[in-house]
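Analysis of the macromolecular model
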Amino acid sequence: MSRPLLPSVTYEAAPNIALVKYWGVRDPTLALPYNSSLSVTLDRLRSRTTVRFDAALGEDRVSLNGVPATGGPREGVVRFLDRVRALAGRSERADVRSANNFPTASGLASSASGFAALAGAASLAAGLALSDRDLSRLARFGSGSACRSVFGGFVEWRAGRRPDGRDCFARSIYGPDHWPELVDLVLLVRDAPVKQVRSAEAMQATVRTSAYFPVRQREVPGRLRRMRAAIGARRADRLFPLVMEECDSFRQACETTRPTLDYLTSASRAILAEVRDANQRAGRPIAAYTHDAGAHVHVFTLRRHLVRLRSQLAEIDGVERTLVVRPGPGGRTLATAQKAQT
Ligand code: PMV
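For every chain, the first residue of the written sequence is number 1, and numbering continues from 1 onward in sequence order. Local features are withheld for residues below a pLDDT of 70 in this predicted model, meaning they are given only at 70 or higher, and side-chain atom pairs are given and counted only at 80 or more; totals for whole chains, interfaces and linings count all residues. Calculated side-chain values reflect all of the structure's heavy atoms, with hydrogen atoms and water omitted.

1. A short note on the overall build of the chain
- Along its length, the chain carries 8 helices and 16 strands.
- Computed over its C-alpha atoms, the radius of gyration of the chain comes to 20 Å, within 12% of the 20 Å expected for a compact globule of 342 residues.
- For the chain, the spread of C-alpha atoms along the three principal axes comes to 75 × 40 × 35 Å.
- For the chain, the residues scored as buried account for 55% of the 342 residues in total.
- The criterion used for residue contact is that any of the two residues' heavy atoms lie within 4.5 Å. For the chain, long-range pairs separated by at least 24 residues make up 76% of all intrachain contacts whose partners lie at least 6 apart in sequence.
- Residue burial considers only the protein chains on display, and all accessible areas are found by Shrake-Rupley using a 1.4 Å probe. On the chain, roughly 15200 Å² of surface is accessible, and the fraction owed to carbon and sulfur atoms is 51%.
- The centroid of the 51 positive side-chain charges in the chain is displaced by 4 Å from the centroid of its 33 negative side-chain charges. Under the DSSP-based scheme used, a helix requires at least four consecutive residues in state H or I and a strand at least two consecutive residues in state E, with every element numbered from the N terminus. For this measure, only C-alpha atoms enter the radius of gyration; the expected value for a globule follows 2.2 Å times N^0.38, where N is the number of residues. Partly exposed residues are those whose accessible area sits between 20% and 50% of the maximum for their type, while under 20% is buried and over 50% is exposed, using a 1.4 Å probe and protein chains only. By the counting rule applied here, Lys and Arg register as positive and Asp and Glu as negative, while His and the ends of each chain are not counted. All charge positions are set by atom: Lys at NZ, Arg at CZ, Asp at CG, Glu at CD.

2. Overview of the site of the ligand
- Whether a residue is near a molecule or strand depends on its heavy atoms: if one lies within 4 Å, it is near. The environment of the ligand is formed by 14 residues, the closest being Tyr22, Ser143, Ser145, Arg148 and Asp292.
- A distance of 2.9 Å is found between an oxygen atom of the ligand and a side-chain nitrogen or oxygen belonging to Ser143.
- For the ligand, the protein covers 92% of the area, taking 380 Å² as the surface of the free molecule.
- Residue polarity is assigned by list, with Asp, Glu, Lys and Arg as charged and Ala, Val, Leu, Ile, Met, Phe, Trp, Tyr, Cys and Pro as nonpolar; anything else, Gly included, falls into the polar class. Considering only residue class, the shell around the ligand consists of 6 nonpolar, 5 polar and 3 charged. In the analysis that follows, any N or O atom pair within 3.5 Å is treated as a polar contact, provided that within protein one partner can donate a hydrogen and the other can accept it, and provided that, for residues neighboring in sequence, both atoms belong to side chains.

3. Some thoughts on the pairing of strand β15 (residues 319-325)
- Among the 7 residues that make up β15, 5 are buried, leaving the element largely enclosed by the rest of the structure.
- A strand pair is defined by DSSP finding two or more bridges across the two strands. Pairing geometry for strand β12 (residues 182-189) and β15, over 6 bridges, is antiparallel. Along β15, the bridge assignment pairs Leu188 with Arg321.

4. So, the pairing of strand β7 (residues 61-64)
- Relative to strand β9 (residues 93-100), β7 runs parallel, the two being bridged by 4 bridges. Bridge assignment links Leu64 to a residue of β9, and that residue is Ser98.
- As defined by bridge partners, β7 adjoins strand β8 (residues 67-68) across 2 bridges and the pair is classed as antiparallel. From the neighbouring strand, Leu64 faces β8, where its bridge partner is Val67.
- What sits between β7 and β8 in their antiparallel hairpin is a turn of 2 residues, with Asn65 showing a positive phi close to 55°.

Shape descriptors only; they carry no functional weight alone.
Spelled out as structure tokens, the structure:
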């Protein structure tokens, strides 16, 4: 008896930028983080992924931006598909096509949007109908930060306390329209180094070798609580200092890792300095910088400061391009082509 052909499912998801960083895994088997994190899902930028399981395929076929994936990126996708197959009780190999509407190597968190889109498309294509919460539980196995890209707006990934990880999941705390004044000015810097070590490995080096890591772990929960309150009250004067404090703490954790982790270029550092100066000149926090494990910098500000700030920061030597983004929607299914039963 032949099995019915499985549907082809397309799902899209956006990158997110962390205001409170995920940096450290407490349980690698269950992909559980040490601390809760908080992010903003971005509009305009998207990963779109189509998955179809097919009994006729001898192995998984993976294409990223139109090019067959090889090595580490392919292995990451295949491992993730194995997890979906195990969950769904299936053995068919899959055809996966994924594309970003932004440069993949640009360091704009394509692993978060990519694995959130893969989780959405692969789970549905395998016949699983997961809630968004369960989708976030699945997505973190591809890339931790991917669990936050399932949701739109302001998203908290709760680390949870249970050893079985049931209380570890992401959820939207405020929707994309919560704070229309808030904008994220993304500054893409020239010659951003290509990541040598995957974040998942780099953060474990921090856990093992940084004397500052335990200090950071004590600070983060309070900072996250205060940030959540500042976002709830739309208080930029409270939020912006916390965003920079957290970014500085993340950078200190990286710099005290042995061997040290340095993701910034001189242009990135000049951006941080200019934001500090702009706040000093204004006499209050009008902007906040943050960066992930890469050289590009996100500068949060309010709409009324954007034009001026953008022209000041765009002038910095080594800033290649600026991009204005806002909080955007979560992941969504685009199309499910139901195949006829054979
Ligand atoms: O999700 P990963 O394994 O790519 O790690 C993400 C690490 C940071 O981007 C630096 C922080 C975060 O919370 O997104």
